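Structure assessment
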Amino acid sequence: MAKFYDTLLWEYIQNPWVRWLSLDKLALRDMNYEMISYDTISEKKKLNFKEVELDKAAIYSCEDVYITNKLYENQEKKEVTSYKILNEIEFPVLLIIKQMEIDWVKIEKNKLKWIWVLLEDEIVSLEKQIHSESGVEFNIKSPKQVWEVLFEKLALPKWKKTKTWYSVSADVLWELSHEFPIAQKIVDYRHYSKLQSTYIDGLLDIADENDFVHTSYNTAVTTTWRFSSTNPNLQNIPSSTGIAWEIRDAFVSRFEWWKIMASDYSQVEVRLLAIMSKDENLLQAFMEEKDIHHATAEFLFPNQTITSDKRKIAKAVNFWVIYWISAFWLSKMIDINMKDAKTYIDAFYN
């Protein structure tokens, strides 16, 4: 039995898909009690918590403790505090995560600065190409100016309309990029700019003098029972090839001559799906130790040679359909049209 308890984890185990597991909402649900909000205490976040008057901060903090204890008492009455999943899985994992947060994450600042320079070269080059192809200099970061250039000056096909002008969102540019190179260049420009500002600048700004980055690991956030990482989100570091991969490569071991090793379960979701659904095709593929993504590709593309691109599509379908992905989002993830995405999803279910 653990020497600590976590009321939030129990609520999460019961309702992993619910987005309202905050303490104030649980207090309202279980006790019909409205807690003091952080917006109220911080004057809508105008004040840092240390700037809040001591008596107000004390009441706010004590209320958190009191309500948490009331939740614990309610859960104790329901006899869930000795629940096996909590005590044998969740709480031991919490101890590991605690140590991970204490240890922080090491980065190579010099490598990130080198990547920043490479990205800057790409951004400047793309900016010149876009201006040359459009015949006019404009602010590529301005949606309004991009809209004016693409749809008024160059008369490209219009897609989605907003209240004020036609959309130049990522999905619109993605559709246009199949026929118009300038749209692809704007996509690339935005991509490199985001890598530079969000990841490079973001990581360099928060790293301490010893090149360590602190993040918070959350065990009660995602709807898929996985961890999440916030402030910053280290699970969102780019994993694509090329220059984006170099950013991930800047995360290093804190020990000299050591390496970071990445390991993963082999198609764990699809294996669970095979066991739970008892689908003969999936079970047989695993029993015969086949490449499950290749096997799925054979269903999606009957009587066709399975190329690496077709296997890539099958892999995306294998994993994402389990989490109820829509045809729209699957089409965006693997760069295909929505009709084909729906066909693949239907074939998977069949």
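An account of the accompanying structure is given in this report. (Residues numbered from 1 in each chain as written. Predicted model: local features only at pLDDT ≥ 70, side-chain atom pairs only at ≥ 80, totals over all residues. Heavy atoms only, no water.)

What to know about the nonpolar core
Within the largest apolar cluster, 40 residues are counted, with the highest numbers of intra-cluster contacts made by Leu-112, Leu-150, Phe-151, Ile-186, Leu-195, Leu-203 and Ile-247. Mapped by element, the contributors of at least two residues to this core are strand E1 (105-107), helix H6 (109-134), helix H7 (143-153), helix H8 (170-177), helix H9 (181-206) and helix H10 (243-248). Looking at this core, the element that brings in the most residues is H9, giving nine residues. Not counting residues up to four positions away in its chain, the partners in contact with Ile-186 are Ile-130, Ile-140, Val-146, Leu-150 and Leu-173. If you look at the next biggest cluster of nonpolar residues, it comprises 18 residues, including Leu-300, Phe-301, Ile-334 and Phe-348. (Core = buried A, V, L, I, M, F, W, Y, C linked by side-chain atoms within 4.5 Å. Buried < 20%, exposed > 50% of the residue type's maximum accessible area, 1.4 Å probe, protein only. Helix = DSSP H or I, 4+ residues; strand = E, 2+ residues; numbered from the N terminus. Contact = heavy atoms within 4.5 Å.)

With respect to unusual backbone geometry
Residue Asn-231 is joined to Pro-232 through a cis peptide bond whose omega torsion reads 0°. Mapped onto the fold, Pro-232 is located in the loop between strand E4 (228-230) and H10. Unusually for a residue other than glycine, Asn-231 sits at a positive phi of about 55°. Inspection of the secondary structure puts Asn-231 in the loop between E4 and H10.

Observations concerning the pattern of salt bridges
Overall, the coordinates contain 13 salt bridges when judged by the stated rule. Across the pair Glu-133 and Lys-185 runs a salt bridge, and its minimum N-O distance is 3.0 Å. In this pair, Glu-133 sits in helix H6 while Lys-185 sits in helix H9, placing the two residues 52 residues apart along the sequence. In this structure, Asp-346 and Lys-342 form a salt bridge, with 2.9 Å as the shortest nitrogen-oxygen distance. With Asp-346 and Lys-342 both in helix H16 (residues 338-349) and four residues apart, this pair spans about one turn of that helix. Residue classification places Asp-346 among the partly exposed positions, given a relative accessible area of 33%. Note on Lys-342: relative accessible area 48%, which makes it partly exposed. Salt bridges linked by common partners bring Glu-11, Arg-29 and Asp-30 together as one network. (Salt bridge = Lys/Arg side-chain N within 4 Å of Asp/Glu carboxyl O.)

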